[in-house]
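Working through the structure, step by step
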Amino acid sequence: MMIVNPAPPPLEDNAFDPARVAAAPRRARDEEADFGRIRAAELNATERNWHVMYGSGSRSFWAFPLWDPGARLILEDVDPHRLRRLMHETEARHLPR
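Keep in mind it's a predicted model, so treat the numbers as computed, not measured.

1. Overview of the packing of aromatic side chains
Taken as a whole and judged by the stated rule, the model has two aromatic pairs. Residues tryptophan 50 and tryptophan 67 carry aromatic rings whose centres are separated by 5.0 Å and whose planes lie at 90° to one another, so their mutual orientation is edge-to-face. Here tryptophan 67 lies in the loop between strand 2 (60–65) and strand 3 (75–77) and tryptophan 50 lies in strand 1 (residues 50–55), a separation of 17 residues in the sequence. For tryptophan 50, a relative accessible area of 2% gives the class buried. Taking relative accessible area as the criterion, tryptophan 67 reaches 13% and is therefore assigned buried.

Structure (structure tokens):
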């Protein structure tokens, strides 16, 4: 079976204008997202039982356990300090000894 997804026809003959693309303003660096990614990397370096990611769209930190808690478990918080506290509380309840 082959699935074909043809590209839609161009809207007009000059739909791609290189001058318009070159003149498009560059997006400013997202400092908040950079801060979030740095904090997530710090949590990954210090919390060996978790994988932490920062969602630049949601502006939230997400923590995934690196052990089998027996059920689906994902933690989320906008504050990395609260997330770390949640991670420690979850470990105390669910981490096998």
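Don't stop here, the text continues.
2. So, helix 2 (residues 31–46)
Between its first and last C-alpha atoms helix 2 spans 23 Å; for 16 residues at 1.5 Å apiece the expected length is 22 Å, and the two agree. Listing the buried residues of helix 2 in full gives Ala33, Asp34, Gly36, Ala40 and Leu43. On its buried side, helix 2 packs onto strand 1, strand 2 and helix 3 (80–94). The opening residue of helix 2, the one whose side-chain oxygen lies 3.3 Å from the backbone nitrogen of glutamate 32, is aspartate 30.

3. Examining the nonpolar core
Counting residues in hydrophobic clusters, the biggest one holds 12 residues: Ala33, Ala40, Leu43, Trp50, Val52, Tyr54, Phe61, Ala63, Trp67, Leu75, Leu83 and Met87. Put simply, the parts of the chain that give this core at least two residues each are helix 2, strand 1, strand 2 and helix 3. Setting aside its immediate chain neighbours within four residues, alanine 63 contacts Trp50, His51, Val52, Leu73, Ile74, Leu75, Leu83 and Met87.

4. Structural notes on the sheet that holds strand 1
Spatial ordering of the open sheet is given by 1-2-3, a layout of three strands whose pairing is antiparallel. Looking at which strands have only one partner, the edges of the open sheet turn out to be strand 1 and strand 3. If you compare each strand with its neighbour and ignore which way they point, the axes differ by 20° on average. The pairing of strand 2 with strand 3 spans three bridges and is antiparallel. Following the sheet pairing, alanine 63 is matched in strand 3 by leucine 75. Helix 2 contacts strand 1 and strand 2 of the sheet and is inclined by roughly 180° relative to strand 1. In the packing of helix 3 onto the sheet, contacts are made with strand 1, strand 2 and strand 3, and the angle to strand 3 comes to roughly 155°.

Basis of the calculations
- Residues numbered from 1 in each chain as written.
- Predicted model: local features only at pLDDT ≥ 70, side-chain atom pairs only at ≥ 80, totals over all residues.
- Heavy atoms only, no water.
- Phe/Tyr/Trp six-rings, centres within 6.5 Å; stacked < 30°, edge-to-face > 60°.
- Helix = DSSP H or I, 4+ residues; strand = E, 2+ residues; numbered from the N terminus.
- Buried < 20%, exposed > 50% of the residue type's maximum accessible area, 1.4 Å probe, protein only.
- Expected span 1.5 Å × (residues − 1).
- Contact = heavy atoms within 4.5 Å.
- Polar contact = N/O pair within 3.5 Å; in protein donor to acceptor, adjacent residues only side chain to side chain.
- Core = buried A, V, L, I, M, F, W, Y, C linked by side-chain atoms within 4.5 Å.
- Pairing = 2+ DSSP bridges.
- Axes fitted to C-alpha atoms, helices over the stretch in contact; angles between N-to-C directions.

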